[in-house]
Amino acid sequence: MAVSLPLVFNAPKRGLPPRHLADLDSTERREAVKELGLPGFRADQLARQYYGRLEADAEKMTDLPASVREQVASALFPTLLTPLKHLACDGGETRKTLWKANDGTLLESVLMRYPDRATLCISSQAGCGMACPFCATGQGGLQRNLSTAEIVDQVRAAAAALRDGEVDGGPGRLSNVVFMGMGEPLANYKRVVAAVRRITSPAPDGLGLSQRSVTVSTVGLAPAIRKLADEGLNVTLAVSLHTPDDELRDTLVPVNNRWSVAEVLDAARYYADSTGRRVSIEYALIRDVNDQPWRADMLGKKLRKALGALVHVNLIPLNPTPGSEWDASPKPVEKEFVRRVIAQGVSCTVRDTRGQEIAAACGQLAAEN
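What you see is a predicted model, and the numbers here were worked out from it, not measured in a lab. (Residues numbered from 1 in each chain as written. Predicted model: local features only at pLDDT ≥ 70, side-chain atom pairs only at ≥ 80, totals over all residues. Heavy atoms only, no water.)

Once that is clear, we can look at the environment of Trp-326. Inspection of the secondary structure assignment puts Trp-326 in the loop between strand E11 (311-317) and helix H11 (331-343). Note: C-alpha distance between Trp-326 and Gly-140 (186 residues apart in sequence) is 16 Å. Residues contacting Trp-326, with those up to four places away along its chain left out, are Pro-133, Phe-134, Leu-252, Ile-286, Val-289, Leu-318 and Pro-320. Only 3.4 Å separates the side chain of Trp-326 from the backbone oxygen of Pro-133, close enough to count as a polar contact. (Helix = DSSP H or I, 4+ residues; strand = E, 2+ residues; numbered from the N terminus. Contact = heavy atoms within 4.5 Å. Polar contact = N/O pair within 3.5 Å; in protein donor to acceptor, adjacent residues only side chain to side chain.)

This is the structure we're talking about:
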């Protein structure tokens, strides 16, 4: 039975953190430096420290006069996120970090090392207002949007940790970023897009990751998907569909009461046509809920009709949360689901699952604390 839940697209009125260098574009950086009475060239110098050398402590910026470091630290490098704990598993190749913002807000990021890449899953909000009942973050509700700098600093910190060999496997390099942590990225649209630009712009304007290595997920905010398509970015769009029929999706993903499956897929097609990028369809497979063979057939048919070859299904074995009624589908059911989707002419694979023993489902660690 479908239920209609209140949808929250704007965070509660809580103050964002103080201004940080990563909140500013190149013009704003120069203006901020001049406000401090410093010459204009210091703007790029500070940005190269933060984005190029991954240094966020002004006291360690030795090319900056010692007499102004305290002033610069206070004005442009306030501490935004403090790690409360790191939890590792998978032989140290997966590390989840619980962060505390300066207002006490808790958020999470997960760093995953693979033989050929290192992927960071980041949060864009503290909590989430989309109310998906099988999601730990959705169960906790929305606390607030993260600032651009709070989003970017998760990436900078992970890149520095890899570079410095703080993660098992020796020194490495961050290669991929996915906006699949806490929150609905497109509900914090302006700051998420600004963060993507900081993450992907070359130094001194950003961290220099390839746009093709960044994935932005959404539960299906159709107008925002279309807006993102017009940004001129080359990132991957991931749509958390979870079922191909409106009747069930109204319950699993309550935003479907606003934008139906057909409207979401139409927006996804617009994104694919505008960018030339294949859309990823995220599908959390839940035992006896959305794993029926007929739903696999329907999913494949709808995606083939809506997106043609510009689509890939990413099947996700559900990571159950404590006390939840939801559970992962058995492996034979999972294999049959994949077979049926592929039989409809749509690419489909099962995502590698990581970190169940460290509460890796988004929101679990914050909820425990």
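A few words now on the sheet that holds strand E10 (residues 279-285). Pairing is mixed in the open sheet, where ten strands are placed in the order E1-E2-E3-E4-E7-E8-E9-E10-E11-E12. Lying at the two open borders of the sheet, with one neighbouring strand each, are strand E1 (81-89) and strand E12 (347-350). Averaged over all pairs of adjacent strands, the angle between strand axes in this sheet comes to 20°, irrespective of strand direction. Across seven bridges, the pairing between E10 and E11 is parallel. Looking across to E11, one finds that Ser-280 is bridged to His-312. Packed on one face of the sheet, helix H5 (residues 148-163) meets E1, strand E2 (94-101), strand E3 (106-114), strand E4 (117-121) and strand E7 (176-179) and runs near 40° to E3. Lying on the sheet, H11 is in contact with E10, E11 and E12; it crosses E11 at an angle near 175°. (Pairing = 2+ DSSP bridges. Axes fitted to C-alpha atoms, helices over the stretch in contact; angles between N-to-C directions.)

Attention shifts here to the side chain of Asn-314. Topologically, Asn-314 is positioned in strand E11. A polar contact is formed between the side chain of Asn-314 and the side chain of Glu-282, at a distance of 3.3 Å. Asn-314 has contacts with Ser-280, Ile-281, Glu-282, Tyr-283, Thr-349 and Arg-351, leaving out every residue within four places of it along the chain.

Among the secondary structure elements, Ala-47 is positioned in helix H2 (residues 41-52). Along the chain, Ala-47 and Lys-227 lie 180 residues apart, while their C-alpha atoms are 29 Å from each other. With near-sequence residues (within four places) excluded, Ala-47 lies in contact with Leu-21, Arg-29, Gly-52 and Pro-204.

To continue, consider the side chain of Thr-97. Structurally, Thr-97 can be placed in strand E2. Within polar-contact distance, the side chain of Thr-97 engages the side chain of His-86 at 2.8 Å. Each residue touching Thr-97, except ones within four places of it in the same chain, is listed here: Pro-83, Lys-85, His-86, Leu-107, Glu-108 and Ser-109.

One pass over the structure, following the stated rule, counts 19 salt bridges. Residue Glu-231 is joined to Arg-197 by a salt bridge in which the shortest nitrogen-to-oxygen separation is 2.9 Å. Remark: Arg-197 occurs in helix H6 (residues 189-200) and Glu-231 occurs in the loop between helix H7 (222-229) and strand E9 (236-240); sequence separation between them is 34 residues. Overall, the relative accessible area of 31% leaves Arg-197 in the partly exposed class. Residue Arg-351 is joined to Glu-282 by a salt bridge in which the shortest nitrogen-to-oxygen separation is 2.3 Å. With a gap of 69 residues between them, Arg-351 in the loop between E12 and helix H12 (364-368) and Glu-282 in strand E10 connect regions that are remote in the sequence. (Salt bridge = Lys/Arg side-chain N within 4 Å of Asp/Glu carboxyl O. Buried < 20%, exposed > 50% of the residue type's maximum accessible area, 1.4 Å probe, protein only.)

This brings us to the layout of surface pockets. The computed volume of the second largest pocket comes to approximately 570 Å³. In this structure, the second largest pocket is lined by 30 residues; those nearest its centre are Ala-56, Trp-99, Asp-153, Arg-156 and Ala-157. When residues of the lining of the second largest pocket are traced back to their parent elements, those giving at least two are E1, E2, E3 and H5. Broken down by element, the lining of the second largest pocket gets its largest block of residues, eight residues, from H5. (1 Å grid on protein atoms, 1.4 Å probe; cavity = no way out; pocket = protein on both sides within 12 Å on 5 of 7 lines; lining within 4 Å. Points joined across faces, edges and corners; volume = space filled by probe spheres on them.)

Take the packing of aromatic side chains next. Counted by the stated rule, this structure contains four aromatic pairs. Each ring, one from Tyr-50 and one from Phe-77, has its centre 6.2 Å from the other, and the planes form 45°; the classification is tilted. With Tyr-50 in helix H2 and Phe-77 in the loop between helix H3 (66-76) and E1, this pair connects stretches of sequence that are 27 residues apart. When sorted by exposure, Tyr-50 lands in the same class as Phe-77, which is buried. The cationic tip of Arg-258 hangs over the ring face of Trp-259; the distance from NZ or CZ to the ring centre is 5.0 Å. (Phe/Tyr/Trp six-rings, centres within 6.5 Å; stacked < 30°, edge-to-face > 60°. Lys NZ or Arg CZ within 6 Å of the ring centre and 35° of its normal.)

With that out of the way, let us pick up the pairing of E7. Pairing between E4 and E7: three bridges, direction parallel. Looking at E7, one finds that Thr-119 is bridged to Asn-176. Judged from the three bridges that link them, E7 and strand E8 (residues 214-218) form a sheet pairing that is parallel. The partner of Phe-179 across the bridge, within E8, is Val-216. Handedness of the crossover joining E7 and E8 through H6 is recorded here as right-handed. (Right-handed = clockwise from strand over helix to strand, strands pointing away.)

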